[in-house]
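Chain by chain, the residues:
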Amino acid sequence: MIDLEQIPVKPIKRKTTLNDVWRGRSGYLFILPHFALFAVFFLVPVGWGMYLSMFKYNVFSQTFIWFDNYKRILSDWLFLKSLRNTFFYTFGVVPLWLGKALLVTVLIYPFRKGIRTFFKAAFYLPHVTSTVIISMIWLWVFNPNFGLLNYFMTVLGLEPVVWLGRSLTAMPSLIVMQVIMGGGSTIVLLSAAMASIPEYYFEAATLEGAGSWAIFRKITVPLLKPTILYALVMGTIANFQTFSNIYIMTSGGPEFSTTTIAYLIYETAFKNYNLGLASAMSMVMFGILVVLGIVQFKWLGSNVEY
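Below: a short report on this structure.

What counts as what
- Residues numbered from 1 in each chain as written.
- Predicted model: local features only at pLDDT ≥ 70, side-chain atom pairs only at ≥ 80, totals over all residues.
- Heavy atoms only, no water.
- Helix = DSSP H or I, 4+ residues; strand = E, 2+ residues; numbered from the N terminus.
- Buried < 20%, exposed > 50% of the residue type's maximum accessible area, 1.4 Å probe, protein only.
- Patch = residues over 30% accessible without salt bridge, like charges linked within 9 Å, V, L, I, M, F, W, Y side chains within 5 Å.
- Areas by Shrake-Rupley, 256 points an atom, 1.4 Å probe, with all protein chains shown as cover.
- Salt bridge = Lys/Arg side-chain N within 4 Å of Asp/Glu carboxyl O.
- Phe/Tyr/Trp six-rings, centres within 6.5 Å; stacked < 30°, edge-to-face > 60°.
- Axes fitted to C-alpha atoms, helices over the stretch in contact; angles between N-to-C directions.
- Left-handed = near helix turned anticlockwise from the far one by under 90°.
- Contact = heavy atoms within 4.5 Å.
- Nonpolar A, V, L, I, M, F, W, Y, C, P; charged D, E, K, R; others polar.
- Core = buried A, V, L, I, M, F, W, Y, C linked by side-chain atoms within 4.5 Å.
- Arc of directions from axis to C-beta.
- Polar contact = N/O pair within 3.5 Å; in protein donor to acceptor, adjacent residues only side chain to side chain.

This part takes up the side chain of T186. With respect to the secondary-structure elements, T186 resides in helix 8 (residues 184-195). Given the relative accessible area of 3%, T186 is considered buried.

Okay, here's the thing in structure tokens:
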């Protein structure tokens, strides 16, 4: 009796057709437009910035100096001060801004859909308003002579404060402004994520006798971790590169107390015309943001399934 399993079977080779080639590579054509934009507006500028950072580069001369620009900025007191200011601003704004967004989301969640939509739209409105307009309004709020904040200070019997004219209060004032005005888009994202959590989790916890704080800490926050991670990473990147409000409201003063890396890069490149040094600063900022992103993904990057 012939054992069919031991008979060698020669595979039938099918000739590859143009249709097979097209089917295997058609996906690349769909991602090509996006990749082209990504390359033109990200990869090329980053590569060019790395190249310029190796030069003493200005309008009139270009001299290759290897890593001298990096050595210079890492020993420059103004760059180190701007680095401290940027970290202080970012880690002052992001936790408060994210906590505010999470608190507002939890507070408006029990309301019916129409009321939730109203509050989300109200908090989102500053997000679509020009940063210049918002900064001009807050310049009036912080004005030492006729500003709204000092008006309330005098009503309470307190002395007026030059909020943006003192190194002790300038940066905290900017942080307060950003926390109050920011978080609108995060509230919308967190609201959508919270609405997708199955309701029976909350019902089961309530039946087991869990209080509001326990439900928030043990159910709401863990299941919102992917959205919180996204908001944390994007918020850190955005606030680490803050520029417009600094440029309009303080111009880096007083006594360089509000000079951030982004503002220092602007001054170095477009006022002092030292493009090589500004490129080195940009690369340092890029490296710091990459490290911060990795740390945040390691901290909150665990997947949550339900």
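Right, let's talk about a nonpolar patch on the surface for a bit. A cluster of nonpolar side chains, contributed by F35, F38, F42, L43, M50, F286, V290 and I294, occupies part of the molecular surface with about 690 Å² of accessible area. At the level of secondary structure, the elements contributing two or more residues to the nonpolar patch comprise helix 1 (18-52) and helix 14 (275-300). Top element by residues in the nonpolar patch is helix 1. It accounts for five residues. Relative to the elements of secondary structure, I294 occurs in helix 14.

The subject of this paragraph is the packing of aromatic side chains. Scanning all chains against the criterion turns up 25 aromatic pairs. By the ring-pair criterion, three or more aromatic residues cluster together here, those being W48, Y51, F55, F64, W66, F67 and Y70.

Now for the packing of helix 3 (residues 77-108) against helix 14. Packing of helix 3 against helix 14 brings their axes to within 13 Å, and their N-to-C directions diverge by 35°. Remark: the crossing between helix 3 and helix 14 carries right-handed chirality. Note on element contacts: helix 14 touches helix 3 through M281, V284, I288 and L292, opposite F79, L83, F87 and F91. For the contact of helix 3 with helix 14, the class distribution of residues is eight nonpolar, no polar and no charged.

Residues W138, F142, L174, L224 and M249 are the most contacted members of the largest nonpolar core, which totals 43 residues. For this core, the elements supplying multiple residues, two or more each, are helix 3, helix 5 (131-141), helix 7 (170-181), helix 8, helix 9 (199-207), helix 10 (212-223), helix 11 (225-240) and helix 12 (244-249). With nine residues, helix 3 is the largest single contributor of residues to this core. Residue contacts for L174: discarding those within four places in its chain leaves Y89, L164, I246, M249, T250 and T258. Among the nonpolar cores identified, the runner-up in size contains 20 residues, and F240, L264, M281 and V284 belong to it.

Once that is clear, we can look at the side chain of S82. Position of S82 relative to the elements: it lies in helix 3. Its relative accessible area of 1% is what places S82 among the buried residues. Every residue in contact with S82, bar those within four places of it in the chain, is listed here: T259, T260, I261 and L264.

So, about the pattern of salt bridges. One pass over the full model with this rule turns up one salt bridge. For E267, the salt bridge is made with K271, and the minimal N-O distance between the two is 3.2 Å.

Looking at helix 5, one finds that the buried residues are I134, S135, W138 and V141. Looking down the long axis of helix 5, one finds its buried residues gathered within 105° of arc, a one-sided arrangement. Considering only its buried residues, helix 5 is in contact with helix 6 (148-155), helix 7 and helix 12. Capping of helix 5 at its N-terminal end is provided by S130; its side-chain oxygen lies 3.2 Å from the backbone amide nitrogen of V132.

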